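# Summary of structural features
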Amino acid sequence: MDPLHLTTSRHEGTLTVTVSGELDIATTEPLRAVLMEMLDEARAEPEPDAAVVVEVSGLSFVDAAGLGVLVHAHNRASGQRTPLLVAGVPPSMQRLLKITGLDAHLVTVA
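Attention here is on the structure that accompanies the text.

Cut-offs used in this document
Residues numbered from 1 in each chain as written. Predicted model: local features only at pLDDT ≥ 70, side-chain atom pairs only at ≥ 80, totals over all residues. Heavy atoms only, no water. Salt bridge = Lys/Arg side-chain N within 4 Å of Asp/Glu carboxyl O. Helix = DSSP H or I, 4+ residues; strand = E, 2+ residues; numbered from the N terminus. Buried < 20%, exposed > 50% of the residue type's maximum accessible area, 1.4 Å probe, protein only. Core = buried A, V, L, I, M, F, W, Y, C linked by side-chain atoms within 4.5 Å. Contact = heavy atoms within 4.5 Å. Expected span 1.5 Å × (residues − 1). Axes fitted to C-alpha atoms, helices over the stretch in contact; angles between N-to-C directions. Parallel < 35°, antiparallel > 145°, perpendicular 65-115°, else oblique. Nonpolar A, V, L, I, M, F, W, Y, C, P; charged D, E, K, R; others polar.

### Focus: the pattern of salt bridges
Pairing is possible between side chains that carry opposite charge, provided their charged atoms lie close to one another. Enumeration according to the criterion identifies four salt bridges in this entry. A salt bridge links Arg43 to Asp40, with the nearest nitrogen and oxygen atoms 3.2 Å apart. Separated by three residues within a single helix, Arg43 and Asp40 lie in helix H1 (residues 28-44), roughly one turn from each other. The partner of Arg76 in a salt bridge is Asp40, with the nearest N and O atoms 2.1 Å apart. Of this pair, Arg76 sits in helix H2 (residues 64-79) while Asp40 sits in helix H1, and the two are 36 residues apart along the sequence. Accessibility expressed as a relative area gives 33% for Asp40, which makes it partly exposed. Connected via shared salt-bridge partners are Asp40, Arg43 and Arg76.

In structure tokens:
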């Protein structure tokens, strides 16, 4: 098992969480908490061009629970009009997004 690691950064209104390791039912809560914190911050101090970015190129595994955290964050971000971007999606996760139909809902960037 590859433990989950989260690193956060802020740059000109963009809040980024870099995620590596395994994102599964046993590790989703720390990511959920960080994303909710970031969305709260983005809502409290809105800036033009502000966004929340989830950088996932370091993920070695993601399951349905991990995708659920991203969907939850996406729904909350949409409700408060904060862009949420998923960056660096590895091929295995791209396939999972396509199979589940989430590729049409989550905004992914290279």
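### Structural notes on the nonpolar core
By size, the foremost hydrophobic cluster in this structure holds 29 residues, and its most contacted members are Val17, Leu35, Val54, Leu59 and Met93. Those elements giving two or more residues to this core turn out to be strand E2 (14-23), H1, strand E3 (51-62), H2, strand E4 (84-87) and helix H3 (91-100). Not counting the four nearest positions on each side in its chain, Leu35 is found in contact with Val17, Val52, Val54, Val69 and Ala73.

### Some points on H1
For H1, with 17 residues, the first-to-last C-alpha span of 24 Å sits near the 24 Å given by 1.5 Å per residue. When we look at burial in H1, the residues that qualify are Thr28, Leu31, Val34, Leu35, Met36, Met38, Leu39 and Ala42. Check the buried side of H1 and you find it contacts strand E1 (5-11), E2, E3 and H2.

### Some thoughts on the packing of H1 against H2
For the pair H1 and H2, interaxial distance at closest approach is 10 Å and the crossing angle is 10 degrees. It follows from the interaxial angle that H1 and H2 lie roughly parallel. Along the contact surface, H1 presents Thr28, Leu31, Arg32, Leu35, Met36, Leu39, Asp40 and Arg43, while H2 presents Ala65, Gly66, Val69, His72, Ala73, Arg76 and Ala77. Looking at side-chain class alone, the contact of H1 with H2 contains eight nonpolar, three polar and four charged residues.

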